[in-house]
2 protein chains.
Amino acid sequence: MISASQSKLIRSLRQKKYRDQLKLYLAEGEKIIGELAVSSAPHAHAIRQIFATGDWIHKNRELLHRSQLGAEEATPDELKKVSNLVTPQPVIAVVSMPERPVNPEELADNPVLAFEAIRDPGNLGTIIRTADWFGIKHLICTPDSADLYNPKVVQATMGAIARVALFYLPIEEILSAPELRDKVVYGTFLEGESVYGAALDKNPLILFGNESRGLSDRYDRFIRKKIAIPSYSADGIGSESLNLAASVAVICSEMRRG
Amino acid sequence: MISASQSKLIRSLRQKKYRDQLKLYLAEGEKIIGELAVSSAPHAHAIRQIFATGDWIHKNRELLHRSQLGAEEATPDELKKVSNLVTPQPVIAVVSMPERPVNPEELADNPVLAFEAIRDPGNLGTIIRTADWFGIKHLICTPDSADLYNPKVVQATMGAIARVALFYLPIEEILSAPELRDKVVYGTFLEGESVYGAALDKNPLILFGNESRGLSDRYDRFIRKKIAIPSYSADGIGSESLNLAASVAVICSEMRRG
């Protein structure tokens, strides 16, 4: 069962204030908890407590054994009471946030996506999942962005949260680090060189702006090339912009297709 | 002001049952209503009633005049009471659904995206916006898909709903039409030929499956080529799938980049 104090703790994790204080967040559902349980990445997200139906525990004995994890049995009704989801899942877990220091050398050696003031949690979660699909494991967000541990972000990553590192920091700060002196930096804009002809570097840092305002000019001095996804509108009338997560998917695909 | 009966009507449009009965839906926000007001496409979505703050009406006198539309002044509080959004907008409109019959010749002559049992309204809205960006104006969904006029879909299209035609029908039915005999049909799968080398037809019909189950085998006999977006994962461990809207963005981009 889920005790009153456990239930209170779990529900407190809906608020960023308590997540930050406790360094804990809530993950819900078989897929994400399966991924977190087997994740052996350095600085892994460690599962602290699992609450699940008897049925889930029975089916996942091997996973629990292999990951050296215990699970507390709970009724569907108890799980529903603490869930953030419309359709409650048979398993939830309280997870420790990884303590992962920023390593400028690592950012210099790997492709990086960087976001200015990303606002929508669903966008952020989808972007993490997309980055993971395309093998991009390093993301940066400005500190005024949506919180990685917001339940909507965690769910939308579909488990990719276990494999992608996201750092909150002022982007200028990292771009000014001596290790990133030679980093090829692209900025994405509505007006810019077509990404289809841009022959992208294999190891760049790519900047994306806020959903409604786009990218501000404060990074201009770092940008090697401004790139854009051409729109294709026979009559010149079409959408004014792509959804941010859709743009990220297209740009990542262009970077990887060669 | 918004009268009690108007308010009741507007709120009833949250339910598909009433939307279908009245052939009306609700649009919220300056951007989408601006797009609907100027849309001159055949079978256009016609605005029936606008409710807006005095400020919005004052600023948009010219738009209203040009589109021969009136607007009823309402207080922010009245607008908030009928809104579906967390952040209510200064303008809402009751809009007529266009009566647009399926025209197989039109589907034969234009690129088409077709979706089996798409479930998530946010996904559907984002996909409509993405299709519009890439100049794809014809979509088909199986009848068990999310409803185009669900407020979440309408909002996520960001106005593209005014420019893209979406038909609900069994996909086999349209693929069996004589007009589409020569249509090049692609199916998107996790396993298939890499879309990067597939030299896509410029005028295809592309099939996408349900968010969790993927594409069923019932369309196999129509499919010319099974295509996939390659994942890029250095260590072989990565996301099991892309978000559906992200996949659509990548495939549309591949079709248009040439």
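Use the structure listed above.
Here's what I pulled together on the structure shown here.

### Thoughts on the packing of aromatic side chains
For any two aromatic rings, the description comes down to two numbers: the centre-to-centre distance and the angle of the planes.
Residues and elements named next belong to chain A.
(1) Moving on: In total, this model carries four aromatic pairs over all chains according to the counting rule given.
(2) Moving on: Aromatic side chains Tyr25 and Tyr149 sit 4.6 Å apart centroid to centroid with 35 degrees between the ring planes, which places their arrangement in the tilted category. In this pair, Tyr25 is assigned in strand β1 (residues 24-28) and Tyr149 in the loop between β6 (138-141) and α9 (151-156), connecting sequence segments 124 residues apart.
(3) Moving on: Classification of Tyr25 as buried rests on a relative accessible area of 0%.
(4) Moving on: Relative to Phe208, the ring of Phe115 has its centre 5.2 Å away and its plane inclined at 15 degrees; by these criteria the two rings are stacked. One end of the pair, Phe115, is in strand β5 (residues 112-115); the other, Phe208, is in strand β9 (residues 205-208), and 93 residues separate them in sequence.

### Brief notes about the sheet that holds strand β7 (residues 165-168) of chain A
All names here are of chain A.
(1) Moving on: Taken in spatial order, the six strands line up as β7-β6-β5-β9-β8-β10 in an open sheet, and their pairing is parallel. At either margin of the open sheet sits one strand with a lone partner, and together these are β7 and β10 (225-228). Strand after strand, the sheet turns through a mean of 30 degrees between neighbouring axes, direction not considered.
(2) Moving on: As judged from the four bridges shared by β5 and β9, these two strands associate in the parallel manner.

### Some remarks on the interface of chain B and chain A
(1) Moving on: Contacts between chain B and chain A engage 32 residues on the former and 32 residues on the latter.
(2) Moving on: When chain B packs against chain A, the two sides together hide about 3,200 Å² of surface, and 53% of this comes from carbon and sulfur.
(3) Moving on: When the buried area of chain B at its contact with chain A is split by residue, Trp133, Tyr232 and Arg257 of chain B rank highest and sum to 25% of it.
(4) Moving on: At the surface where chain B touches chain A, the tally comes to two salt bridges.
(5) Moving on: Note that Glu254 of chain B and Arg257 of chain A form a salt bridge whose closest N and O atoms lie 2.7 Å from each other.
(6) Moving on: Those elements that place two or more of their residues in the side of chain B that touches chain A are α3 (30-38), α8 (121-133) and α11 (244-257) of chain B.
(7) Moving on: Broken down by element, the residue count for the side of chain B that touches chain A peaks at seven residues, all from α11 of chain B.
(8) Moving on: In the side of chain B that touches chain A, the residues fall into 13 nonpolar, nine polar and 10 charged.

### Considerations on the state of the cysteines
Residue and element names in this part refer to chain A.
(1) Moving on: Tallying each qualifying case throughout the model produces zero disulfides over all chains.
(2) Moving on: With no disulfide of its own, Cys141 has Cys252 as its nearest cysteine by sulfur position, at a separation of 13 Å.
(3) Moving on: Look at Cys141 and you get buried, because its relative accessible area is 0%.

### Some details on α3 of chain B
(1) Moving on: Burial in α3 of chain B covers these residues: Ile32, Ile33, Gly34, Glu35, Leu36 and Ala37 of chain B.
(2) Moving on: Residues of α3 of chain B that are buried in the fold lie against β1 (24-28), β2 (46-52), α4 (54-59), α5 (61-66), β4 (91-96) and α9 (151-156) of chain B.

Conventions used here
Sequence order as written defines residue numbering, which begins from 1 separately in each chain. By the order in which they are written, chains take letters starting at A while ligands take numbers starting at 1. Restriction of local features to residues with pLDDT of at least 70 applies here, the model being predicted, together with a cutoff of 80 or more for giving and counting side-chain atom pairs; totals for whole chains, interfaces and linings are based on all residues. In computing side-chain properties, one takes all heavy atoms of the structure into account and sets aside hydrogens as well as water. Pairing of aromatic rings covers Phe, Tyr and the six-membered ring of Trp, with a centre-to-centre limit of 6.5 Å; geometry is then stacked below 30 degrees between planes, edge-to-face above 60, and tilted otherwise. Secondary structure follows DSSP: runs of H or I at least 4 residues long count as helices, runs of E at least 2 residues long count as strands, and numbering of each begins at the N terminus. Note on classification: 1.4 Å probe, protein chains only; a residue is buried when its accessible area is under 20% of the maximum for its type, exposed when over 50%, partly exposed between these limits. For two strands to be treated as a pair, DSSP must find at least two bridges joining them. Axis definition: a line fitted to C-alpha atoms, over the contacting stretch in the case of helices. Angles run 0 to 180 degrees between N-to-C directions. Working rule for contacts: check all heavy atoms of both residues, and any pair within 4.5 Å makes them a contact. For any pair of parts, buried area is found by adding up, for both, the accessible area (1.4 Å probe) each one loses once the two are put together. We define a salt bridge as a side-chain nitrogen of Lys or Arg found within 4 Å of a carboxyl oxygen belonging to Asp or Glu. All amino acids are sorted into three groups, where Ala, Val, Leu, Ile, Met, Phe, Trp, Tyr, Cys and Pro are nonpolar, Asp, Glu, Lys and Arg are charged, and the leftover types, Gly among them, are polar. Two cysteine sulfur atoms form a disulfide, by the criterion used here, when they sit within 2.5 Å.

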